[in-house]
Amino acid sequence: VQLQASGGGLVQPGGSLRLSCAASGSIVSINVMGWYRQAPGKQRELVAGITSGGTTNYAESVKGRFTISRDNAKNTVYLQMSSLKPEDTAVYYCNLGNGPTYNRRAYWGQGTQVTVSS
């Protein structure tokens, strides 16, 4: 299984960015995909997740600003980020939890830098 993320970059505060992550390989139909981020000197944290059934969850800090979605036919997850703040600056990693909860294996993408600065 491989994950290929794209869409990071430099954006001004209040701006928007859209991240994409395509998974390839042996993808189990029941899975969860998500985005994590890690800022310098901080631990990696969950930003948002979405199950293959469409159930979503978000970190409190991004609720109302970020939207996660997925295209199951393409095994691709998206993160639409709006009203970006400097504190959203981090390396964003996509994650695939492949399989049902009781037998799930985690895979990580390579990370994409998001910088929010004027």
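Everything here concerns the structure above.
Notes on the structure follow. (Residues numbered from 1 in each chain as written. Predicted model: local features only at pLDDT ≥ 70, side-chain atom pairs only at ≥ 80, totals over all residues. Heavy atoms only, no water.)

### Details of the pairing of strand 8 (residues 76–81)
Here is step 1: Of all six residues in strand 8, five are buried, a share of seventy percent or more.
Here is step 2: Sheet topology places strand 3 (residues 17–24) next to strand 8; six bridges connect them, and they run antiparallel. If you follow Ser20 over to strand 8, its bridge partner there is Tyr78.
Here is step 3: When strand 7 (residues 66–71) meets strand 8, the two strands line up antiparallel, connected through six bridges. When the sheet's bridge partners are listed, Thr67 is paired in strand 8 with Gln80.
Here is step 4: Joining the antiparallel neighbours strand 7 and strand 8 is a turn of four residues, in which Asn75 adopts a positive phi near 50 degrees. (Buried < 20%, exposed > 50% of the residue type's maximum accessible area, 1.4 Å probe, protein only. Helix = DSSP H or I, 4+ residues; strand = E, 2+ residues; numbered from the N terminus. Pairing = 2+ DSSP bridges.)

### Comments concerning the nonpolar core
Here is step 1: Membership of the largest hydrophobic core comes to 28 residues, with the highest contact counts inside it found for Trp35, Val47, Phe66, Leu79, Met81 and Tyr92.
Here is step 2: When contributions to this core are tallied by element, the ones reaching two or more residues are strand 1 (2–6), strand 3, strand 4 (31–38), strand 5 (45–51), strand 7, strand 8, strand 9 (90–98) and strand 11 (112–116).
Here is step 3: Residue contacts for Met81: discarding those within four places in its chain leaves Gly15, Ser16, Leu17, Leu19, Arg65, Phe66, Tyr92 and Val114. (Core = buried A, V, L, I, M, F, W, Y, C linked by side-chain atoms within 4.5 Å. Contact = heavy atoms within 4.5 Å.)

Without other data, these values stay purely geometric and don't point to any function.
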